[in-house]
Amino acid sequence: MPRTRKSPAQLASDAAATVRVLNHVTATTGAYPYPGDVDDAIQGLRILARRLPQAISQGGAALARLAEAGSVRLDAMASATPLDAHMTETLAAAADATQAAADLENALKRLGAYTCHLAYAEPTEASR
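Below you will find a few notes about this structure.

Cut-offs applied
- Residues numbered from 1 in each chain as written.
- Predicted model: local features only at pLDDT ≥ 70, side-chain atom pairs only at ≥ 80, totals over all residues.
- Heavy atoms only, no water.
- 1 Å grid on protein atoms, 1.4 Å probe; cavity = no way out; pocket = protein on both sides within 12 Å on 5 of 7 lines; lining within 4 Å.
- Points joined across faces, edges and corners; volume = space filled by probe spheres on them.
- Helix = DSSP H or I, 4+ residues; strand = E, 2+ residues; numbered from the N terminus.
- Nonpolar A, V, L, I, M, F, W, Y, C, P; charged D, E, K, R; others polar.
- Expected span 1.5 Å × (residues − 1).
- Contact = heavy atoms within 4.5 Å.

## Quick notes on the layout of surface pockets
- The computed volume of the largest pocket comes to approximately 410 Å³.
- Lining the largest pocket we find 13 residues, and of these P8, L11, A12, L52 and A55 sit closest to its centre.
- Put simply, the parts of the chain that give the lining of the largest pocket at least two residues each are α1 (8-26) and α2 (35-68).
- Per-element accounting of the lining of the largest pocket gives the leading share, eight residues, to α2.
- Grouping the amino acids of the lining of the largest pocket by side-chain chemistry returns 10 nonpolar, two polar and one charged.

## Some words on helix α3 (residues 83-115)
- Compared with an ideal rise of 1.5 Å per residue, which puts 33 residues at 48 Å, α3 spans 47 Å between its outermost C-alpha atoms and is within 8% of the ideal.
- For α3, the elements touching its buried residues are α2.

Structure follows, in C-alpha cells:
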C-alpha cells in the first residue's frame, strides 16, 4: 500500500500539536525532575527553531512564485488593497517571520549554553 504524504499544512499542524502537548506535560510540578531534562527540552526546541526560518522562507517563496505566475487572487473577504500591494506586504511579513524565527533560535542557543552546564544536586539537610 502506498504511503500517503502529509501536506505542509498538516505537518505544521502536527508540530503545533506536539508543542501543545509539551506545554501541557511540563505545566505539572515534577515534569522536569532534573536540570538535564530541561536542557534536553531546550536543545530540542532549539533544533525546531533552527528549522523554522527555512520552512517560513520556503512558504514565502512559494507565494511569490504563485503570484508571479498569476495564480493568486484576493478572496472576497480581503480589504480593497490591490493584489500587488497585498503581496508586497505578505512577502515582507514572511521575511519578518523568517528573521523572528532565526532570532528565536539564537535566543534558545544562548539559553542552551547556560542550561547545558546545570546538573542535579542532592538536597542537603538544611534545604529540606
